[in-house]
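# Structure assessment
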Amino acid sequence: MAPIVGKCIPEPHQIGVVHQRADWDSIHEKICQLLIPLRTSMPFYNSEEERQHGLQQLQQRQKHLIEFCYTVAQKYLFEGKHEVAVPAALHSLRFRMNVYGLSSVELVPAYLLLAEASLGLGHIVQAEEYLSQAQWTVLKSTECSYATHSLLHRNLGLLFMAKENYEEARYHLANDIYFASCAFGTEDIRTSGGYFHLANIFYGLNKLDLADTLYTKVSEIWDKYLNNHYQVLLQARIQQIDLLGKQFETDTGLDEAQEAEAVRILTSILNIRESTSDKAPQKTVFVLKILVMLYYLMMNSSKAQEYATRAFSLAQEHQLSVHEQDTIQELLTLISAEEASPVTQ
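This report concerns the structure included in the present document. Quick caveat, the model's predicted, so the values are computed rather than measured.

## Overview of the overall build of the chain
Of regular secondary structure, the chain possesses 13 helices and 0 strands. Tracing the chain from N to C terminus, the helices and strands come up as α-α-α-α-α-α-α-α-α-α-α-α-α. Looking at the chain residue by residue over its 345 residues, the buried ones come to 45%. Surface summary for the chain: the accessible area is close to 18,100 Å², and the carbon and sulfur share equals 53%.

In structure tokens:
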């Protein structure tokens, strides 16, 4: 794909009233106060040292806004809110241009967000333009991280999935998994997205054994990650670290976008597992338990209880092992006690 420089980024005057409203709802309201220091004229400095310090502070504010807008856009994408993801991604891109220049590889993650949002809106040509810009920037760069290569191939995989070119999509998703594994390891949650999309291709092609293997791998990666955080929380309770009697802070260790990604991936796998729960109920119960831990650590006790109740009913219905039923019962007891506690955070 040849890059179409300058065509990808709409100028403010091209954004209509509806899009201005979407911009406000999506991101502008969240960053309005943060923009004030950036739009204020630089004061007069008495020395070069003070001037450099002022510039560094300005750049740090811009970098904070880059990451904030990026995370917000990612969260919207994982929630399926593609239209409102666009303004947040555009803000991230513009701040990146201000800080790093027009041809920096640091622009690539924002281009990829815009490509994914375009795909979600069904704008395949627009997505191709963003991806061509991202590819061109990566090709020109001598310092592109494995993580960025992974994101690029993941989005190219999604593009070819949308175009129903599954052979090309599988090639790019295999590269996504390779580069993500180099950056984070084969069993990392940041690598699991590539496995998940590859599983979706096999599922769509009715290659159910391959899809099942990959869905299981994704589930196991998330189970290991969330269970580690869950066990730390339980251990803290047992050791009675919180001597004041307040509830413990729960923490997934994820940002908002990663939490939204976890919800989307695990809910999608659950829907597939539930369609075959009569044949393999233990697989459905496994995913339900992972969702229980996720929502519990996200401090959403009602959702955690809902999934725990479903898991317990399914385990009883299909007469799964006593150990399995006891484990789920322990989860239910813990969540119920949390909800019943009169102490607030």
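Read on, since the account is not over.
## Some words on the nonpolar core
In this structure, Trp-222, Leu-226 and Leu-291 are the most contacted members of the largest nonpolar core, which totals 86 residues. If one sorts the elements of this core by residue count, helix 11 (residues 281-297) sits on top with 11 residues. In terms of domain composition, this core takes at least three residues from each of domain 1 (21-26 + 58-184) and domain 2 (218-240 + 252-338). Once residues lying within four places of it in the same chain are set aside, the contact partners of Leu-291 are Leu-266, Thr-267, Leu-270 and Tyr-307.

## Things to note about the packing of aromatic side chains
Applying the stated rule across the entire model yields 7 aromatic pairs. Within the aromatic cluster, the residues linked to one another by ring pairs are Tyr-146, Tyr-178 and Phe-179. Sitting above the plane of the Tyr-195 ring, Lys-217 keeps its charged end 5.3 Å from the centroid.

## Thoughts on helix 6 (residues 146-162)
Taking 1.5 Å per residue as the helical rise, helix 6 with its 17 residues ought to reach 24 Å, and the 24 Å between its terminal C-alpha atoms agrees with that figure. Of the residues making up helix 6, those classed as buried are Thr-148, Ser-150, Leu-152, His-153, Arg-154, Asn-155, Leu-156, Gly-157, Leu-158, Leu-159, Phe-160 and Met-161.

## Focus: the environment of Leu-113
Structurally, the position occupied by Leu-113 is in helix 4 (residues 108-120). Given a relative accessible area of 4%, Leu-113 falls into the buried group. As a C-alpha pair, Leu-113 and Val-86 span 27 residues in sequence and 7.9 Å in three-dimensional space. With residues up to four places along the chain from it excluded, the contact list for Leu-113 reads Tyr-70, Ala-73, Gln-74, Leu-77 and Ala-89.

## Side note on the packing of helix 3 (residues 82-100) against helix 4
Viewed as axis vectors pointing N to C, helix 3 and helix 4 meet at an angle of 160°, and their least axial separation amounts to 9 Å. Here helix 3 is positioned roughly antiparallel relative to helix 4, judged by the angle of their axes. Helix-helix and strand crossings are classified by hand; for helix 3 and helix 4 the assignment is left-handed. Listed contacts from helix 4 to His-82, Ala-85, Val-86, Ala-89, Leu-90, Ser-92, Leu-93, Arg-96 and Met-97 of helix 3 are Pro-109, Ala-110, Tyr-111, Leu-113, Leu-114, Glu-116, Ala-117 and Gly-120. Grouping the amino acids of the contact of helix 3 with helix 4 by side-chain chemistry returns 12 nonpolar, 3 polar and 2 charged.

## Observations concerning the pattern of salt bridges
What the rule picks out here adds up to 13 salt bridges. The partner of Arg-154 in a salt bridge is Asp-176, and the shortest N-O contact between them spans 2.7 Å. One end of the pair, Arg-154, is in helix 6; the other, Asp-176, is in helix 7 (residues 166-184), with 22 residues separating them in the sequence. Here the two residues Arg-154 and Asp-176 agree in accessibility, since each one is buried. Note that Lys-289 is salt-bridged to Glu-324, the shortest N-O span being 2.6 Å. Of the two residues, Lys-289 sits in helix 11 while Glu-324 sits in helix 13 (residues 322-340), which places them 35 residues apart along the sequence. Of the two residues, Lys-289 and Glu-324, both sit in the buried class. Linked through salt bridges whose partners overlap, the residues forming this network are Glu-274, Lys-303, Glu-306 and Arg-310.

## Re the environment of Ser-92
One can find Ser-92 in helix 3. Expressed as a C-alpha distance, the spacing of Ser-92 and Ile-66, which sit 26 residues apart in the sequence, is 4.7 Å. Apart from the residues within four sequence positions on either side, Ser-92 is in contact with Ile-66, Cys-69, Tyr-70 and Ala-110.

## A closer look at the side chain of Arg-96
Note on placement: Arg-96 falls in helix 3. One buried charged residue, Arg-96, remains without a salt bridge, the closest side chain of opposite sign being Glu-67 at 4.2 Å. Residues contacting Arg-96, with those up to four places away along its chain left out, are Ile-66, Glu-67, Tyr-70, Gly-101, Glu-106, Leu-107, Pro-109 and Ala-110.

## Let's talk about unusual backbone geometry
Phi at Asn-206 is positive, roughly 65°, even though this residue is not glycine. Looking at the secondary structure, you find Asn-206 in the loop between helix 8 (189-204) and helix 9 (208-238). Even without being a glycine, Met-299 presents a positive backbone phi close to 65°. By secondary structure assignment, the location of Met-299 is in the loop between helix 11 and helix 12 (301-317).

About the criteria used
Throughout, residues of each chain are indexed from 1 in the direction in which the sequence is written. Owing to the predicted nature of the model, reporting of local features is limited to residues with pLDDT of at least 70; listing and counting of side-chain atom pairs is limited to 80 or more, with chain, interface and lining totals taken over all residues. Side-chain calculation: all heavy atoms of the structure are included, whereas hydrogens and water are not. Think of it this way: any DSSP run of H or I at least four residues long counts as a helix, any run of E at least two long counts as a strand, and we number them from the N terminus. The buried label goes to any residue with under 20% of its type's maximum accessible area, the exposed label to any with over 50%, and the partly exposed label to all in between, with areas taken from a 1.4 Å probe on protein chains only. Accessibility throughout is a Shrake-Rupley quantity obtained with a 1.4 Å probe, and a residue counts as covered only by protein chains that appear here. Only buried residues count toward a nonpolar core, which is a set of Ala, Val, Leu, Ile, Met, Phe, Trp, Tyr and Cys residues joined through side-chain atoms within 4.5 Å. Note that the domain bounds reflect an automated or database-derived domain assignment. Should any heavy atoms of two residues lie within 4.5 Å, those residues are counted as being in contact. Stacked, tilted and edge-to-face are the three classes assigned to paired rings of Phe, Tyr and Trp, where Trp is represented by its six-membered ring and a pair needs centres within 6.5 Å; plane angles under 30 degrees give stacked, over 60 edge-to-face, the rest tilted. Only when the NZ of Lys or the CZ of Arg is both within 6 Å of the ring centre and within 35 degrees of the ring normal is a charge said to sit over the ring. Expected span of a helix: the number of residues minus one, times 1.5 Å. What counts as an axis is a line fitted to C-alpha atoms, over the stretch in contact for a helix, and the angles between N-to-C directions run from 0 to 180 degrees. Note that the term roughly parallel is reserved for angles under 35 degrees, roughly antiparallel for angles over 145, roughly perpendicular for angles of 65 to 115, and oblique for everything else. By definition, any crossing whose near helix is turned counterclockwise from its far helix by less than a right angle is left-handed, and any crossing with a clockwise turn is right-handed. Residues are sorted three ways: Asp, Glu, Lys and Arg are charged, Ala, Val, Leu, Ile, Met, Phe, Trp, Tyr, Cys and Pro are nonpolar, and all the rest, Gly among them, are polar. Salt-bridge detection follows one rule: a side-chain nitrogen of Lys or Arg within 4 Å of a carboxyl oxygen of Asp or Glu. Note on charges: Lys and Arg go in the positive column, Asp and Glu in the negative column, and His and the chain ends are not counted at all.

Interpretation in functional terms is not warranted from these geometric data alone.
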